[in-house]
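Notes for the structure review
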Amino acid sequence: MQEQSDHALTPGLVARVALTVTDADTAQALGSGDVPVLGTPRVVALAEAATVAAITGQLSPGTTTVGTRVELDHLAATLVGRTVTAQAELTALDRRRLTFEVTVTEGEQTVARGRVERVLVDRQRFIERAGGAS
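Regarding its fold elements, the protein presents 3 helices and 5 strands. Element order for the protein, N to C, with α for helix and β for strand: β-α-α-β-β-β-β-α. For the protein, the residues scored as buried account for 34% of the 134 residues in total. Accessible area for the protein stands at about 7,400 Å²; split by element, carbon and sulfur atoms hold 46% of it. Charge separation in the protein, taken as the distance between the mean sites of 13 positive and 16 negative side-chain charges, equals 5 Å.

Spelled out as structure tokens, the structure:
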């Protein structure tokens, strides 16, 4: 992978991804608790989706990113039927490591906040090293 080929990656890239909470998104359904509210695993997935969206179209062909670290504080419960929005901003780029600040909100309320790190990889090489086919 040529590191200089991803010049379009610069701090400040932002994306938002929204989710209307369904029964399938609850802690009960995900096995992370026994209450019918937005489950933390789904909050993490939504935050990661926002990080991917923030860099969509900015990577060179054959390059992708993989998640390597998530630090997230889940601060408020969200009921089924409510809509939450995850926002991710690329705040740092250190060679192949990308750091994003993420916030998940429901209206004006902060539901979760934290940081997600992703690493640039050669897609084919990554799959081969994982033991899979293309």
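Past the structure itself, the notes keep going.
Now for the pattern of salt bridges. On inspection of all chains with the given rule, the structure shows 6 salt bridges. As a salt-bridge pair, D94 and R97 come within 3.1 Å of each other at their nearest N and O atoms. D94 gets classed as partly exposed once you look at its relative accessible area, which sits at 43%. By relative accessible area, R97 is classed as partly exposed at 37%. Between R115 and E101 there is a salt bridge; the shortest N-O distance is 3.5 Å. Placement of the pair is R115 in strand β5 (residues 109-122) and E101 in strand β4 (residues 97-106), with a sequence separation of 14 residues. Relative accessible area serves as the criterion here: at 37%, E101 is assigned to the partly exposed category.

How each quantity is defined
- Residues numbered from 1 in each chain as written.
- Predicted model: local features only at pLDDT ≥ 70, side-chain atom pairs only at ≥ 80, totals over all residues.
- Heavy atoms only, no water.
- Helix = DSSP H or I, 4+ residues; strand = E, 2+ residues; numbered from the N terminus.
- Buried < 20%, exposed > 50% of the residue type's maximum accessible area, 1.4 Å probe, protein only.
- Areas by Shrake-Rupley, 256 points an atom, 1.4 Å probe, with all protein chains shown as cover.
- Lys, Arg positive; Asp, Glu negative; His and termini not counted.
- Charge placed at Lys NZ, Arg CZ, Asp CG, Glu CD.
- Salt bridge = Lys/Arg side-chain N within 4 Å of Asp/Glu carboxyl O.

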